[in-house]
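Here is what each chain is made of, one letter per residue.
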2 protein chains.
Amino acid sequence: MTCHPYSERIARCGGLMKAAGLDVLLLAKPANMAYLTGDGRLCAYAMITKEGKAAMGVPATDVEDVKRLACFDHLAGFEDEVGMIHSIARHFKHFHIQAGTVGLEYTFLTHAMMDMLTHPHGKPEAVVTKDCTPVLSELRIAKEDGEIERIRAAAGVAVAGMAAAVEALKPGLTESQVAAEAEYALRQAGADEFWRTYVCSGPRTNIAHGLPTQRRIREGELVMIDLHPIVNGYSADICRTVCVGRPTTAQEAAYDLYLKAQQATIARIKTGVGMTDLEDTLHGIIREGGHGDHLFGPTMHGVGIEFEEAPLPPGHAFFHGEKAPPPLATNVVIAVGNCGLYTGPWGVRVEDTVAVKPEGPQILTDYVRQLTF
Amino acid sequence: MTCHPYSERIARCGGLMKAAGLDVLLLAKPANMAYLTGDGRLCAYAMITKEGKAAMGVPATDVEDVKRLACFDHLAGFEDEVGMIHSIARHFKHFHIQAGTVGLEYTFLTHAMMDMLTHPHGKPEAVVTKDCTPVLSELRIAKEDGEIERIRAAAGVAVAGMAAAVEALKPGLTESQVAAEAEYALRQAGADEFWRTYVCSGPRTNIAHGLPTQRRIREGELVMIDLHPIVNGYSADICRTVCVGRPTTAQEAAYDLYLKAQQATIARIKTGVGMTDLEDTLHGIIREGGHGDHLFGPTMHGVGIEFEEAPLPPGHAFFHGEKAPPPLATNVVIAVGNCGLYTGPWGVRVEDTVAVKPEGPQILTDYVRQLTF
């Protein structure tokens with residue numbers, strides 16, 4: 001089995017672990033497991049040593065499937081949660097780890113999951129725990145060329161989903177029916193899965209997380225559609241706001257302002273630019289346009305295996321256990337337009353997935369940006 | 001605004017909190033917030049006192065929407081995560097809570113979220129924390145008649161989704177395309193959302209969590225479809241295994257055995273029966289049929305606002321922070337057939353959502369159970 005690019009990633013991970021004072025990682029987040037082994041699934045774990053060895057524990061039913069998909073030095077199947085704990089114990093033993101520091105995903109694990117992974121029947125008593133979120137974020141933040149291609153493929157699928165939703169839009173449809181059209185098209189275009197679809201209409205375009213409901217769209221209302229397909233293990237993020245009928249002058253002006261700010265922010269993207277500078281650009285234009293009080297939410301976030309991952313913008317990063325984001329490196333991928341312009345009775349938002357290149361931005365979700373069709 | 005049934009639920013919650021030594025709850029899990037206030041959303045919290053008062057904190061954009069949907073004594077909007085912490089501080093002050101015990105959802109919160117909810121700028125120093133999972137589970141475990149009707153509606157939608165998927169099944173479709181048909185039908189039938197759809201085929205029917213992929217279904221293969229729509233805030237859970245073409249004798253025998261075991265288990269359901277007894281029934285029949293070594297996974301679980309909630313079966317409950325499940329009360333709703341019979345090259349599983357009644361089981365997901373069509 002060829003272990004490219006996983007062995008290279010694990011070697012890089014080992015370097016970051018040493019710098020962070022971690023001897024071993026015990027990962028349960030599918031995105032992190034997938035990055036380092038080629039397979040991430042529920043109810044499983046990966047143990048990664050700083051010397052670059054990987055052991056995995058998966059449900060006994062899944063052993064053959066994981067053998068086909070993942071790169072590892074050791075694989076164990078377990079029958080249940082008690083078996084998982086014993087499997088962890090055996091892997092600590094296998095790697096001769098009796099003391100030191102194990103990195104856990106503090107931003108992913110619940111208290112209950114943390115108790116399971118550090119159960120005294122699993123983890124040796126002298127092994128202490130520490131958050132490994134910053135290590136995994138740093139590891140995954142700049143994408144390999146192959147990853148950019150996968151995100152580009154996901155972006156193409158996202159565009160197909162958005163086109164289907166926008167074409168289907170008409171008064172009388174429920175928000176959920178619009179989501180149905182988008183998701184059906186995502187899967188037909190090649191999505192394995194998708195993160196939660198947001199479709200909201202009318203007054204609901206003003207809320208922070210507009211999950212679809214049975215609300216029927218009326219003539220003249222705004223509709224906000226936000227899609228995040230997963231294709232071949234990678235995600236993309238696109239949002240468009242569309243008016244079903246004729247927008248008011250105020251809606252049109254707010255939309256034009258938001259789009260101008262979003263596009264100006266994207267135009268400034270290139271290797272070395274700071275996220276704070278980008279945020280200032282977007283906020284500045286919206287403030288100048290008189291809508292400063294209507295901004296809400298983080299301006300941007302990273303995109304990769306997850307549709308929302310590192311880098312996270314200043315002010316959002318701290319509570320996610322992230323360090324302040326460094327200047328953007330080449331091949332970081334971000335979604336720009338995650339914040340909305342929320343006026344009270346309605347809101348607008350336009351979001352695109354963009355790769356950072358030395359020469360400038362490479363927009364991956366290239367679907368038309370217009371309020372009316 | 002009429003606060004039925006929320007004020008009654010909050011009163012009941014107060015009684016359980018006192019018994020558990022909790023002075024106040026600080027909830028962030030949408031399912032728990034929805035049960036007690038009528039609204040559960042992301043990036044929000046509900047503070048519930050043992051005297052039966054409720055305060056909510058939500059994104060500032062969402063205040064009007066929450067006013068329309070929820071019952072509460074106090075509502076605050078916040079701008080960002082720092083604002084959320086200050087809002088929590090103000091609500092502790094509002095309720096004059098300077099010491100005591102606050103219940104947190106240890107089985108839902110990540111370490112990072114826990115840090116945010118208990119930030120020293122939010123929680124008074126003399127307030128200690130304790131897991132409130134068992135209180136919420138006990139509170140929600142037996143459903144009101146109105147809740148049963150909502151689960152029944154979700155079950156009807158689940159049946160529509162299953163019918164669409166089974167009718168569409170043919171060789172050459174990808175697993176994801178089958179999921180597309182199911183999910184489209186779920187939304188058209190009235191689902192607001194759905195939990196992750198599982199569609200797996202051929203050798204993938206043997207894995208524990210068969211999320212759909214681009215694998216193309218071949219003539220003669222088994223396909224396992226597991227759906228969980230959310231309708232009006234409540235969920236249902238249905239799984240069927242279907243052969244695309246002619247099954248082998250071994251597949252037919254295993255399917256018949258599993259179905260016999262699942263149906264015999266359901267037949268034993270009535271008020272007062274123990275979950276261990278039910279599990280023994282299912283396991284016993286499968287063992288007698290010679291497939292004892294092929295059983296994997298928890299036999300059953302509760303269904304309600306979440307498609308997987310309390311009661312959880314023995315051996316699965318501990319790590320979810322649950323107490324051993326008591327005998328089933330009237331109006332507990334469970335999904336039976338959550339475990340699979342996994343032979344190695346393929347697996348079979350049939351799962352239904354069932355309400356517990358004094359006179360016996362009330363099957364809510366009544367879609368035909370057969371291997372071939």
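Residues numbered from 1 in each chain as written. Chains lettered and ligands numbered in written order. Predicted model: local features only at pLDDT ≥ 70, side-chain atom pairs only at ≥ 80, totals over all residues.

(A) Expanded view of the overall build of chain A. Counting its regular elements, chain A contains 10 helices and 19 strands. Taking 373 residues into account, the globule formula puts the C-alpha radius of gyration at 21 Å, and chain A, at 22 Å, falls close to it. In terms of principal-axis extent, the alpha carbons of chain A reach across some 70 × 40 × 35 Å. Buried positions account for 55% of the 373 residues belonging to chain A. In chain A, of all internal contacts separated by at least 6 residues, the share reaching a separation of at least 24 is 68%. (Helix = DSSP H or I, 4+ residues; strand = E, 2+ residues; numbered from the N terminus. Rg over C-alpha atoms; globule rule 2.2 N^0.38 Å. Buried ≥ 20, exposed ≤ 12 C-beta atoms within 10 Å, placed from the backbone. Contact = placed C-beta atoms within 7 Å.)

(B) Quick peek at the interface of chain A and chain B. Each partner contributes residues to the interface: chain A has 46 residues there, and chain B has 46 residues. Those elements that provide at least two residues to the side of chain A that touches chain B are helix H5 (111–117) and helix H8 (175–188) of chain A.

(C) Spotlight on the relation of the copies chain A and chain B. Between chain A and chain B, the superposition needs a rotation of 180° and an axial shift of 0.0 Å, giving an RMSD of 0.0 Å. Taken together, the rotation and translation describe the operation of a two-fold axis. Relative to the rotation axis, the C-alpha of Thr110(A) is the closest in chain A, positioned 2.1 Å from it. Most of the interface of chain A is mirrored in chain B, where 100% of its interface residues again form contacts. (Least-squares fit on C-alpha atoms with pLDDT ≥ 70 in both.)

(D) The arrangement of the sheet that holds strand E6 (residues 126–131) of chain A in detail. Residue and element names in this part refer to chain A. Strand order in this open sheet of six strands is E4-E3-E2-E1-E5-E6, and the pairing throughout is mixed. Taken across any chain shown, the strands that pair with only one partner, and hence form the sheet edges, are strand E4 (74–78) and E6. Sheet twist, expressed as the mean angle between neighbouring strand axes with direction ignored, is 20°. Judged from the four bridges that link them, strand E2 (residues 45–49) and strand E3 (residues 54–59) form a sheet pairing that is antiparallel. Pairing of Met47 across the sheet is with Ala55, part of E3. On the sheet, helix H2 (residues 30–37) packs against strand E1 (24–27), E2 and E3 and is oriented at approximately 50° with respect to E2. (Pairing = 2+ DSSP bridges. Axes fitted to C-alpha atoms, helices over the stretch in contact; angles between N-to-C directions.)

(E) View of the pairing of E1(A). Residue and element names in this part refer to chain A. Because side chains alternate across E1, one face comprises the buried residues Val24 and Leu26, and the other comprises Leu25 and Leu27, equally buried. Looking at chain direction, E1 and strand E5 (residues 99–104) are connected through two bridges and run parallel. Opposite Leu25, over in E5, you have Gly103 as the bridge partner. Where E1 meets E2, four bridges bridge the pair, whose relative direction is antiparallel.

(F) Here's a closer look at the pairing of strand E5 (residues 99–104) of chain B. All names here are of chain B. Relative to strand E6 (residues 126–131), E5 runs parallel, the two sharing six bridges. Residue pairing across strands places Thr101 opposite Val128, the latter belonging to E6. Note on the crossover from E5 through helix H5 (residues 111–117) to E6: the handedness is right-handed. (Right-handed = clockwise from strand over helix to strand, strands pointing away.)

(G) Highlighting the sheet that holds strand E11 (residues 234–235) of chain B. All names here are of chain B. The three strands lie next to each other as E7-E10-E11, forming an open sheet whose pairing is antiparallel. Strand pairing shows two members of the sheet lacking a second neighbour, strand E7 (193–194) and E11, which therefore form its edges. Along the sheet face, helix H7 (residues 145–168) touches strand E10 (229–231) and E11 and points at about 135° away from the line of E10.

(H) Representation of the domain arrangement of chain A within the structure. Residues and elements named next belong to chain A. Each domain of chain A was delimited in the assignment, giving domain 1 (6–140) and domain 2 (142–363). For domain 1 and domain 2, the distance between their C-alpha centres works out to 33 Å. In this assembly, 10 residues from domain 1 lie in contact with 10 residues from domain 2. Among the elements that line the side of domain 1 that touches domain 2, the one with the most residues is helix H6 (residues 133–141), at four residues. Its residues placed into classes, the side of domain 1 that touches domain 2 shows five nonpolar, three polar and two charged. (Domains from an automatic or database assignment. Nonpolar A, V, L, I, M, F, W, Y, C, P; charged D, E, K, R; others polar.)

(I) Representation of unusual backbone geometry within the structure. Backbone torsion omega between Ala310(A) and Pro311(A) reads 5°, so that peptide bond is classified as cis. If you trace the backbone, Pro311(A) turns up in the loop between strand E14 (300–302) and strand E15 (333–336). Put simply, His4(B) and Pro5(B) share a cis peptide bond, and its omega is 0°. Along the chain, Pro5(B) turns up in the segment before helix H1 (6–20). With a phi angle near 55°, Asn232(B) is a residue other than glycine that sits in the positive phi range. Relative to the assigned elements, Asn232(B) resides in the loop between E10 and E11. On the basis of neighbour count, Asn232(B) is assigned to the partly exposed category, with 15 C-beta atoms found within 10 Å.

(J) Expanded view of the packing of H8(A) against helix H8 (residues 175–188) of chain B. Packing of H8(A) against H8(B) brings their axes to within 9 Å, and their N-to-C directions diverge by 175°. What the angle tells us is that H8(A) and H8(B) run roughly antiparallel. For the pair formed by H8(A) and H8(B), the contact residues are Ser176(A), Gln177(A), Ala179(A), Ala180(A), Glu183(A), Tyr184(A), Arg187(A) and Gln188(A) on the first element and Ser176(B), Gln177(B), Ala179(B), Ala180(B), Glu183(B), Tyr184(B), Arg187(B) and Gln188(B) on the second. Partitioned by chemical class, the residues of the contact of H8(A) with H8(B) number six nonpolar, six polar and four charged. (Parallel < 35°, antiparallel > 145°, perpendicular 65-115°, else oblique.)

(K) Structural detail: the packing of helix H9 (residues 249–267) of chain B against helix H10 (residues 275–288) of chain B. Residues and elements named next belong to chain B. At a minimum axis separation of 8 Å, H9 and H10 run at an interaxial angle of 155°. Put simply, H9 runs roughly antiparallel to H10. Remark: the crossing between H9 and H10 carries right-handed chirality. Contacts between H9 and H10 pair Leu257, Tyr258, Lys260, Ala261, Gln262, Ala264 and Thr265 from the former with Leu278, Thr281, Leu282, Ile285 and Ile286 from the latter. (Left-handed = near helix turned anticlockwise from the far one by under 90°.)

(L) Representation of H8(A) within the structure. Its 14 residues place the ends of H8(A) 20 Å apart at the C-alpha level, agreeing with the 20 Å of an ideal helix rising 1.5 Å per residue. For H8(A), a buried count of 13 out of 14 residues is recorded, marking the element as mostly surrounded by other parts of the structure. (Expected span 1.5 Å × (residues − 1).)

(M) Local environment of the environment of Ala46(A). Residue and element names in this part refer to chain A. For Ala46, the location among the structural elements is in strand E2. A C-alpha to C-alpha distance of 26 Å links Ala46 and Ala154, two positions 108 residues apart in sequence. With near-sequence residues (within four places) excluded, Ala46 lies in contact with Leu27, Met33, Leu36, Thr37, Ala54 and Met56.

(N) Representation of the environment of Phe95(A) within the structure. Its place among the elements puts Phe95(A) in the loop between helix H4 (81–94) and E5. A C-alpha to C-alpha distance of 9.7 Å links Phe95(A) and Ile48(A), two positions 47 residues apart in sequence.

(O) Looking closely at H9(B). Residue and element names in this part refer to chain B. For H9, which comprises 19 residues, the first-to-last C-alpha distance of 27 Å matches the rise-based estimate of 27 Å (1.5 Å per residue) to within 8%. Residues Gln251, Ala254, Tyr255, Tyr258, Ala261, Gln262, Thr265 and Ile266 constitute the buried set of H9. End-on view of H9: buried residues confined to an arc of 135°, all on one side of the axis. Opposite the buried face of H9, by more than 90 degrees, sit the exposed residues Thr249 and Ala267. (Arc of directions from axis to C-beta.)

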